[in-house]
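Residue-level listing of the chains:
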Amino acid sequence: MGITKTQIFNKKQNELAVIFKVLSNPARIAILEYISKQEACICNDIVDEIGLAQPTISQHLKELKSIDLISGEIEGKKVCYCINLKKWSSIQDLLNSFFNTTKTNCC
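None of the values given here were measured: they were computed from a predicted structure. (Residues numbered from 1 in each chain as written. Predicted model: local features only at pLDDT ≥ 70, side-chain atom pairs only at ≥ 80, totals over all residues. Heavy atoms only, no water.)

Draft legend 1. Here's a closer look at the packing of aromatic side chains. This model, assessed by the stated rule, comprises two aromatic pairs. Ring centres of F20 and F98 lie 6.5 Å apart, and the angle between their planes is 70°; this geometry places the pair in the edge-to-face category. Of this pair, F20 sits in helix α1 (residues 11–23) while F98 sits in helix α5 (residues 85–100), placing them 78 residues apart in sequence. The exposure class of F20 is partly exposed, given its relative accessible area of 38%. When its relative accessible area of 34% is taken as the criterion, F98 is described as partly exposed. (Phe/Tyr/Trp six-rings, centres within 6.5 Å; stacked < 30°, edge-to-face > 60°. Helix = DSSP H or I, 4+ residues; strand = E, 2+ residues; numbered from the N terminus. Buried < 20%, exposed > 50% of the residue type's maximum accessible area, 1.4 Å probe, protein only.)

The structure is reproduced here in structure tokens:
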């Protein structure tokens, strides 16, 4: 069997690709912006703020959770979401490393 696409790239390249893929949706960016400005929030608050259907918001939250960028705590029948600051810092470091090593001597 042949080599898979991810096997020809290094760990950092694959990790960045996954992060960029998750962050490539403007609704997820809006959700992150909203959550980052709150002490805590629940899914219905996000639905009211973003203006998308609850199942759509839930799918976006699932994608953000898949890279551990947000975490959620169950409080009764509600889930409160917050930014995972440790992961956020790790992603910032990874992105800074990527952009800081990019040469600017192009055309």
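Having seen the model, we can carry on.
Draft legend 2. Fine view of the packing of helix α2 (residues 26–36) against helix α3 (residues 43–50). Two elements in contact, α2 and α3, have axes whose closest approach is 10 Å; the angle formed by their N-to-C orientations is 120°. Compared by their axis directions, α2 and α3 come out oblique. Regarding α2 and α3, the two cross each other, and that crossing is right-handed. Contact residues: α2 offers A30, I31, Y34 and I35, while α3 offers D45, I46, E49 and I50. A breakdown of the residues in the contact of α2 with α3 according to their chemical character gives six nonpolar, no polar and two charged. (Axes fitted to C-alpha atoms, helices over the stretch in contact; angles between N-to-C directions. Parallel < 35°, antiparallel > 145°, perpendicular 65-115°, else oblique. Left-handed = near helix turned anticlockwise from the far one by under 90°. Contact = heavy atoms within 4.5 Å. Nonpolar A, V, L, I, M, F, W, Y, C, P; charged D, E, K, R; others polar.)

Draft legend 3. Layout of the environment of D45. Following the sequence through the fold, D45 ends up in helix α3. Sequence spacing of D45 and C80 is 35 residues, and the spatial spacing of their C-alpha atoms is 9.8 Å.

Draft legend 4. A look at unusual backbone geometry. Although it is not a glycine, D68 sits at a positive phi angle of roughly 65°. Here D68 is to be found in the loop between α4 (54–66) and β2 (70–75). The exposure class assigned to D68 is partly exposed, which follows from its relative accessible area of 40%.

Draft legend 5. Highlighting the nonpolar core. Counting 22 residues, the largest nonpolar core has I35, I46, L61, I70 and Y81 as the members making the most contacts within it. Going through the elements one at a time, α1, α2, α3, α4, β3 (78–83) and α5 are the ones with two or more residues in this core. The biggest single contributor to this core is α2, with four residues. (Core = buried A, V, L, I, M, F, W, Y, C linked by side-chain atoms within 4.5 Å.)

Draft legend 6. Region of the structure containing the sheet that holds β2. Taken in spatial order, the three strands of this open sheet run β1-β3-β2, and their pairing is antiparallel. The sheet is open, and its two borders are formed by β1 (41–42) and β2, each paired with just one other strand. Two elements, β1 and β3, share two bridges in a ladder whose sense is antiparallel. Considered in β3, the bridge of C41 is made with Y81. (Pairing = 2+ DSSP bridges.)

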